[in-house]
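The primary structure of each chain is shown beneath.
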Amino acid sequence: MQIKQRHDWNLTTSEAKIIQEELQKEVLTEDKFTEPVKYVAGVDMGFEANGTISRAAVAVLSFPDLQLQEQSIAKRATTFPYIPGFLSFREIPAVLDALEKINTIPDIILCDGQGIAHPRRLGIACHLGVIIDKPTIGVAKSLLIGKHQEVPQIKGSWQPLIHKSETIGAVLRTRSNVKPVYVSSGHRISLPTAIDYVLRCTPKYRLPETTRIADKLASAR
DNA sequence: GCGACAG
DNA sequence: ATCTTGTCGC
């Protein structure tokens, strides 16, 4: 797929912060995509040589049957350190490289990390979504910001994630008696719809099949 | 100032 | 993220 260069990636954290505030204005938290959804994609990152090399893997699955349709892997030198709140500046460059190699355009992309559940409401899922102007969902394995009530142990139950008296996402139980995941809107999708798709992409394990398959690709280097 | 802190 | 084996529980 073709990707437009939206901004420079060689930045200081203060410059990155300004870009986040600019891009945040473009984030859409409403459903703005066409159905039926035929393809969903997952992205996963890996690092080599003490983190100096970034490795991104993209897995495109058919929906709703979740069968691997296409895959791609991209490597490049890591240029940005891991700083909470600025994860996207470290991972997106390699992800874009991997996405450019794909021919099957996914209808929705599930990202490994937060969407709107971010200090400035621009987690990696939002950042990627705005850059490629595609629907994205943030599915994180741990909390960045926000508070929530205990989530019932039954699969499918969830609790709103609150930050500054604002609902920024959902703490969702994708598997009974297993640690929940943090779901939030990335771009062009609402929270209810995001929760629905995450559950439909999680038939058996805690994480969506999309990210699980992308993870295997990234590991089987 | 202190504690928290996606991957 | 990454370094790493076996082990407890459904």
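- An unreviewed UniProt entry annotates chain A as Endonuclease V of Plectonema cf. radiosum LEGE 06105.
- Quoted verbatim from the Subcellular location (unreviewed entry) heading of the UniProt record, the comment on chain A is "Cytoplasm".
- Comment text from UniProt for chain A, heading Catalytic activity (unreviewed entry), reads "Endonucleolytic cleavage at apurinic or apyrimidinic sites to products with a 5'-phosphate."

1. What to know about the side chain of D97
- Checked against the element boundaries, D97 lands in helix α2 (residues 87-100).
- Engagement of the side chain of D97 in a polar contact is seen with the side chain of R76, the distance being 2.9 Å.
- With residues up to four places along the chain from it excluded, the contact list for D97 reads A74 and R76.

2. Side note on the packing of aromatic side chains
- Taken as a whole, this structure holds five aromatic pairs when the rule is applied.
- For the pair F86 and F89, a centre-to-centre distance of 6.3 Å together with 45° between the ring planes defines the contact as tilted.
- The exposure class of F86 is buried, given its relative accessible area of 9%.
- Using a relative accessible area of 0% as the deciding quantity, one classes F89 as buried.
- One aromatic cluster is present, formed by W9, F80, F86 and F89 through successive ring pairs.
- For the cation-ring pair, R90 lies above F47, with the distance from its terminal atom to the ring centre recorded as 4.4 Å.
- For the cation-ring pair, R200 lies above Y197, with the distance from its terminal atom to the ring centre recorded as 5.0 Å.

3. Examining the UniProt feature "binding site: Mg(2+)" (unreviewed entry) in chain A
- UniProt annotation of "binding site: Mg(2+)" (unreviewed entry) refers to D44 and D112 when read in the numbering used here. In terms of the greatest pairwise C-alpha distance, the residues named above, spread along 69 residues, form a tight cluster of at most 6.4 Å across. Among the annotated residues just listed, those that line the largest pocket are D44 and D112.
- Relative to the helices and strands, D44 is located in strand β1 (residues 39-48).
- Since its relative accessible area comes to 8%, D44 is described here as buried.
- Apart from the residues within four sequence positions on either side, D44 is in contact with R55, A56, A57, D112, T211, A214, D215 and A218.

4. Notes on the protein's contact with DNA strand C
- Taken together, the residues surrounding DNA strand C are G46, F47 and K141.
- F47 is positioned such that a nitrogen or oxygen atom in its backbone is 3.4 Å from a phosphate oxygen of DNA strand C.
- Between K141 and DNA strand C, the recorded distance is 3.2 Å, taken from a side-chain N or O atom to a phosphate oxygen.

5. Details of the pairing of β1
- Counting buried residues in β1 gives eight out of 10 residues, a clear majority hidden from the surface.
- The sheet contact formed by β1 and strand β2 (residues 53-62) spans 10 bridges and is antiparallel. Its bridge partner being in β2, V40 is matched across the sheet by L61.
- In this structure, the hairpin formed by β1 and β2 is closed by a connection of four residues, where A49 is found at a positive phi of approximately 45°.
- By the bridge criterion, three bridges tie β1 to strand β4 (residues 108-112) in an arrangement that is parallel. Counted as the bridge partner of G42 is L110 from β4.

6. Concerning the UniProt feature "site: Interaction with target DNA" (unreviewed entry) in chain A
- In the numbering adopted here, UniProt assigns the feature "site: Interaction with target DNA" (unreviewed entry) to Y82.
- Counting through the fold element by element, Y82 comes out in the loop between β3 (68-77) and α2.

About the thresholds
Residues numbered from 1 in each chain as written. Chains lettered and ligands numbered in written order. Predicted model: local features only at pLDDT ≥ 70, side-chain atom pairs only at ≥ 80, totals over all residues. Heavy atoms only, no water. UniProt positions renumbered as here; feature names shortened; annotations may be inferred. Helix = DSSP H or I, 4+ residues; strand = E, 2+ residues; numbered from the N terminus. Polar contact = N/O pair within 3.5 Å; in protein donor to acceptor, adjacent residues only side chain to side chain. Contact = heavy atoms within 4.5 Å. Phe/Tyr/Trp six-rings, centres within 6.5 Å; stacked < 30°, edge-to-face > 60°. Buried < 20%, exposed > 50% of the residue type's maximum accessible area, 1.4 Å probe, protein only. Lys NZ or Arg CZ within 6 Å of the ring centre and 35° of its normal. 1 Å grid on protein atoms, 1.4 Å probe; cavity = no way out; pocket = protein on both sides within 12 Å on 5 of 7 lines; lining within 4 Å. Near = heavy atom within 4 Å. Pairing = 2+ DSSP bridges.

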